[in-house]
Amino acid sequence: SPRDFGIAANTRWTPNGITVAGGHGSGNGLNQLSHPQGLYVDDDQTIVIADHENDRIVEWKPGATSGHVIAGGNGRGNRNDQLNLPIDVIIDNETDSLLICDHGNSRVMRWPRRGGTKGETIISDIKCFDLTIDDNGFFYVCDFGKHEVRRWRVGESSGTLVAGGNGRGYRLDQLSVPRSVFVDRDQSVYVSDNNNHRVMKWVKDAKAGIVVADDQGLGNVLRQLSSFAGVLVDQLGTVYVADFRNHRITRWPKGAAQGSLVVGGNSKGEQPNQLDGPAGISFDRHGNLYVVDLYNNRVQRFSIDRSSC
């Protein structure tokens, strides 16, 4: 949830990213990733990545040239020591455990962060796409099968509906294939409503959402989004969107009719100023921006441009 990342309304990021994980082609070596998806950045800048096609969760320490496997990595399967196309991961610091969207097994798993050889299923039969956690230890799960987001405590059997849940559709009380979720300090939930090409904000206990980005139809001008992935919100209420097919990160200040470019947007490619399918996004506590660059099989870090502060 949004801590004060030192981000101001005029903050800019350097256009060239630095590769902090992967970047050695697609593969299952410890210095490689294969179509990575979600990530979580801990306070010490350790990165935890859902290494999707390698069926594992990997951790990369700051400055490391390779990662190490902290969950899965035992082949694709549905045993408790296996994962099947994991798509997101978060750290629950309260219990020092990982919460994993085990996409191919339609389950959410909890796995000890250190030295755990297997996990436990805490939610089953869920089409999980994304996870986040709030300051109170509640976690939120994007369910693209039911077009809803629910808030959970470990041990609950059904969770609490916080967004969508009224069937697939375009009304303000509906979602269509929700892809990513973020929660702020007030427990407002932001959802990338993928097939509706918009980002929705659901205030706590609201029966419908409000549009905070896009709603202009599919496209690539800055007021539009195309098949997007991660969503992130800073303490000013500015919404950051990983615009997947447009290969860029854009941001939408409160009330903005269009977004502005943050990084990428130089057509798809593998140069430091390019992205190819940005998926998960995160800040560290210094305001540096981390982007999972899916088709480049790497994670890029874009530092705050100090001359803009």
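Every value quoted in this text rests on a predicted model; they were computed, and no experiment measured them.

S.K.: Any chance you could explain the sheet that holds strand β21 (residues 260-264) here in plain terms?
M.R.: Backbone-to-backbone hydrogen bonds pair the strands of a sheet. The strands run either parallel or antiparallel. Ordered by their spatial adjacency, four strands build an open sheet running β18-β19-β20-β21, and the pairing between neighbours is antiparallel. Every interior strand has two partners, whereas the edge strands, β18 (231-233) and β21, have only one. Averaged over all neighbouring strand pairs, the angle between strand axes comes to 25°, with direction disregarded. Sheet analysis places strand β19 (residues 239-243) next to strand β20 (residues 248-252), joined by five bridges and oriented antiparallel. Looking at β20, one finds that V241 is bridged to T250.

S.K.: Explain the packing of aromatic side chains here, please?
M.R.: The description of two aromatic rings rests on the distance between their centres and on the angle between their planes. A complete count under the given rule lists five aromatic pairs for this structure. Judged by centre distance (5.1 Å) and plane angle (90°), the ring pair of Y240 and F283 falls under edge-to-face. In this pair, Y240 sits in strand β19 while F283 sits in strand β22 (residues 278-283), placing the two residues 43 residues apart along the sequence. As far as the burial class goes, Y240 and F283 line up, both buried. Taken together, the ring pairs connect W13, Y240 and F283 into an aromatic cluster. The ring of F138 carries R151 above its face, with NZ or CZ at 5.4 Å from the centroid.

Procedures and definitions
Residues numbered from 1 in each chain as written. Predicted model: local features only at pLDDT ≥ 70, side-chain atom pairs only at ≥ 80, totals over all residues. Heavy atoms only, no water. Pairing = 2+ DSSP bridges. Helix = DSSP H or I, 4+ residues; strand = E, 2+ residues; numbered from the N terminus. Axes fitted to C-alpha atoms, helices over the stretch in contact; angles between N-to-C directions. Phe/Tyr/Trp six-rings, centres within 6.5 Å; stacked < 30°, edge-to-face > 60°. Buried < 20%, exposed > 50% of the residue type's maximum accessible area, 1.4 Å probe, protein only. Lys NZ or Arg CZ within 6 Å of the ring centre and 35° of its normal.

These values are about where atoms sit, not about what they do.
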